[in-house]
Amino acid sequence: EAQVTQNPRYLITVTGKKLTVTCSQNMNHEYMSWYRQDPGLGLRQIYYSMNVEVTDKGDVPEGYKVSRKEKRNFPLILESPSPNQTSLYFCASSSGTPWDTQYFGPGTRLTVL
Amino acid sequence: QQQVKQSPQSLIVQKGGISIINCAYENTAFDYFPWYQQFPGKGPALLIAIRPDVSEKKEGRFTISFNKSAKQFSLHIMDSQPGDSATYFCAAIDYKLSFGAGTTVTVRA
């Protein structure tokens, strides 16, 4: 089954404790991206990647890091999480460009205490 | 700042009624306008999309109307069904996706 998977689905952590949210797709997609969803703000793009080793900032990249060492994986790293990063995070992928249909993962609910 | 302004924040419609969601933008570099549907606990999924050289696109009960001069576009859900209850996001793309804030639609049986 073609899908985007994220792990973990739920995470409660404390301020400053480094964490990684994994994202993997099995559709051989080139374009991958991370979003955060907050009430009243919709989805805001954090980082995106056009291909392996090619990443760029979205609209809200502060406090986040990404890497794209393999085509299928695009982990999101929070090196020193803060309470304002409490949010619902989505990974998405598409075949090649932002204009192609974005396939979203199931989301990761992160709470930073 | 939100590049795409979406309204209303929520709406309630009776089964069989019409739901209308509106979006507006300023950036004339946007050249593709998709709508995504999100059910509780799920990621968004593409519903329908339109290019700015087209004024209307219809897929089943879902229609996008696009007004390029006004920089506005809207989603109409005809004959709304309880299964349409979801959050709907408009979006606009130049080289990145910019999403609206979302509209929660509740269809009462």
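This report concerns the structure included in the present document. What you are looking at is a predicted structure, and each value in this text was computed from that prediction instead of being measured. (Residues numbered from 1 in each chain as written. Chains lettered and ligands numbered in written order. Predicted model: local features only at pLDDT ≥ 70, side-chain atom pairs only at ≥ 80, totals over all residues. Heavy atoms only, no water.)

### Examining the state of the cysteines
Note the threshold: Two cysteine sulfur atoms make up a disulfide if the distance between them is within 2.5 Å. Secondary structure counts use DSSP, requiring at least four H or I residues in a row for a helix and at least two E residues in a row for a strand, with both numbered from the N terminus. For the exposure calls, accessible area comes from a 1.4 Å probe over protein chains only, and a residue counts as buried if that area is under 20% of its type's maximum, exposed if over 50%, partly exposed in between.
Taken as a whole and judged by the stated rule, the model has two disulfides over all chains. Each disulfide pairs two cysteine sulfurs, and for Cys23(A) the partner residue is Cys91(A), the sulfurs being separated by 1.8 Å. The sign of the -70° torsion about the S-S bond sets the Cys23(A)-Cys91(A) disulfide as left-handed. Of the two residues, Cys23(A) sits in strand β3 (residues 19–25) while Cys91(A) sits in strand β9 (residues 87–94), which places them 68 residues apart along the sequence. Accessibility assignment for this pair places Cys23(A) and Cys91(A) in one class, buried. There is a disulfide in this structure between Cys23(B) and Cys90(B), and the S-S distance comes to 1.9 Å. Of note, the bridge from Cys23(B) to Cys90(B) carries an S-S torsion of about -100° and is left-handed in sense. You can see Cys23(B) sitting in strand β3 (residues 19–25) and its partner Cys90(B) sitting in strand β9 (residues 86–93), a full 67 residues away along the chain.

### Description of the interface of chain A and chain B
Operational definition: The contact definition used throughout considers only heavy atoms, calling two residues in contact when any of these lie within 4.5 Å. By convention, the term buried area covers the 1.4 Å-probe accessible surface removed from two parts as they join, with the contributions of both added. Counted as salt bridges are all cases of a side-chain nitrogen of Lys or Arg within 4 Å of a carboxyl oxygen of Asp or Glu.
Chain A puts 21 residues into the contact, and the matching count from chain B is 19 residues. Three residues stand out in chain A for area buried against chain B, namely Leu43(A), Trp99(A) and Phe104(A), and they jointly supply 35% of the buried area on that side. Counting the contacts that link chain A with chain B gives one salt bridge. Note that Lys96(B) is salt-bridged to Asp59(A), the shortest N-O span being 2.9 Å. When residues of the side of chain A that touches chain B are traced back to their parent elements, those giving at least two are β4 (31–38) and β5 (42–51) of chain A. Among the elements that make up the side of chain A that touches chain B, the one with the highest residue count is β5(A) (four residues).

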